Amino acid sequence: MRLLDHPNERRKTHAQPVPLIGGIAIFGGILLSVSMSIPLDRPLAYGLSGAALLVVVGMLDDILGLGPKLRIVAQIAAALLLTVGGGVTLTSLDDLFGFGSIDLGLFAVPFTVFAIVGICNAFNMIDGIDGLAGGLTLIALGVLVLLSPGDGAPRILMLVTIAAIVPYLICNLQLFGCTGVKVFLGDAGSLLLGYLVVWMLITAVQSPATLTPAAAVWIVAIPLMDTFCVMGRRMLKGRSPFCADRAHLHHVLARCFNSPRKALSLILPTAAVLAGIGLFGQVQRVAPAALIWAALAFFALYLIVLRYAPRLYRSLARQRTVGFRRRTATSDAVPRVGHDVVTAET
């Protein structure tokens, strides 16, 4: 089987080959459930066609290593299927910055394609530790389900997607005793999840809108901030924005705490709080400009924290080293009782 992730790179932490079938399984579950529960209208048909394209291309990339250019072409094609074919398009950004409504006009389709490709790549790039991309997707879709009206097709599709992700997370994180059945999303899965999230975000922003673009930014704040930071840093160093490294937020936190699981336990609650801010802003009808400027301020704080993260990592590493030396010195100083000595307890 060639859909395996082998532990042959410096960035990989697993010791055994792991199947890259999580995304394929999720998409299969979604297709099966949708075919039995939702009438196939035009947006759904074209949207699922774009999703299928990304799953196929992602699977080929997992097997053959297609490279970023072909992935980008596939993402643009999937975005065009959704926007031009399905009519899922951003036409206005509302009063995003407080200077009046921003109507996209002729730029509606190009901007929507850019947004779809950007969020697809954001979820693809953040899929670096177990449970992260799937957990972020659950948070985003969970908030959107709370905002979605009635039992329309988008709401059912989101619920079906959530139901398909949960078994994957159980296997990926090996919860409830599910050891020996670990699977990864693969590029097919991470691209699929990003595509489904941005599809539902745009649908919620469309008329009749249940979400403002400013609130949508908070719902996917962690993937967006991580992608902007990492790609910007790479370009400033004269490298390709799509080259692989260990500069992502989850890598930094995993090094600081010496545990990917601890990094996950910090990132997901933070993402939930940020998405909750977006939900609160939407429900309380907070001005979009206030939400977006607050998001930009948080992003600036994020950049400052990341700047000092290496110093924190070195400090924690020194503390761990000193603690290890102290424990070693203490254990060496305590005399050991041999097997031929009878203690008082015996």
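Residues numbered from 1 in each chain as written. Predicted model: local features only at pLDDT ≥ 70, side-chain atom pairs only at ≥ 80, totals over all residues. Heavy atoms only, no water.

With that out of the way, let us pick up the confidence of the model for the protein. Confidence in the prediction of the protein, expressed as mean pLDDT, is 86, and 86% of residues score 70 or more. Contacts for the low-pLDDT stretch residues 336-346, under 50 throughout, to residues beyond four places or in other chains number one contact. (pLDDT = per-residue confidence, 0-100. Contact = heavy atoms within 4.5 Å.)

Bringing the environment of Tyr302 into the picture now. Checked against the element boundaries, Tyr302 lands in helix H12 (residues 288-333). When residues no more than four places from it in sequence are discounted, the contact partners of Tyr302 are Met225, Asp226, Cys229 and Leu249. (Helix = DSSP H or I, 4+ residues; strand = E, 2+ residues; numbered from the N terminus.)

With that settled, the discussion passes to the side chain of Ser92. The topology assignment puts Ser92 in the loop between helix H3 (68-85) and helix H4 (108-126). Residue class for Ser92 comes out buried when judged on its relative accessible area of 16%. Reaching out from Ser92, the side chain makes a polar contact with the backbone nitrogen of Asp94 at a distance of 3.1 Å. If sequence neighbours within four positions are ignored, Ser92 has contacts with Ser101, Ile102, Asp103, Leu104 and Pro213. (Buried < 20%, exposed > 50% of the residue type's maximum accessible area, 1.4 Å probe, protein only. Polar contact = N/O pair within 3.5 Å; in protein donor to acceptor, adjacent residues only side chain to side chain.)

Moving on to the packing of aromatic side chains. A full pass over the atoms with the stated rule returns four aromatic pairs. Ring geometry for Phe97 against Trp293: centres 5.8 Å apart, planes inclined by 65°, an arrangement best described as edge-to-face. Here Phe97 is found in the loop between H3 and H4, whereas its partner Trp293 is found in helix H12, with 196 residues between them in sequence. Of the residues examined, Phe97 reaches a relative accessible area of 32% and is grouped as partly exposed. With 6.4 Å between their ring centres and 20° between their planes, Phe299 and Tyr302 make a pair best called stacked. (Phe/Tyr/Trp six-rings, centres within 6.5 Å; stacked < 30°, edge-to-face > 60°.)

Topologically, Thr161 is positioned in helix H6 (residues 153-173). Aside from chain neighbours lying at most four places away, what touches Thr161 is Ile30, Leu141 and Leu196.

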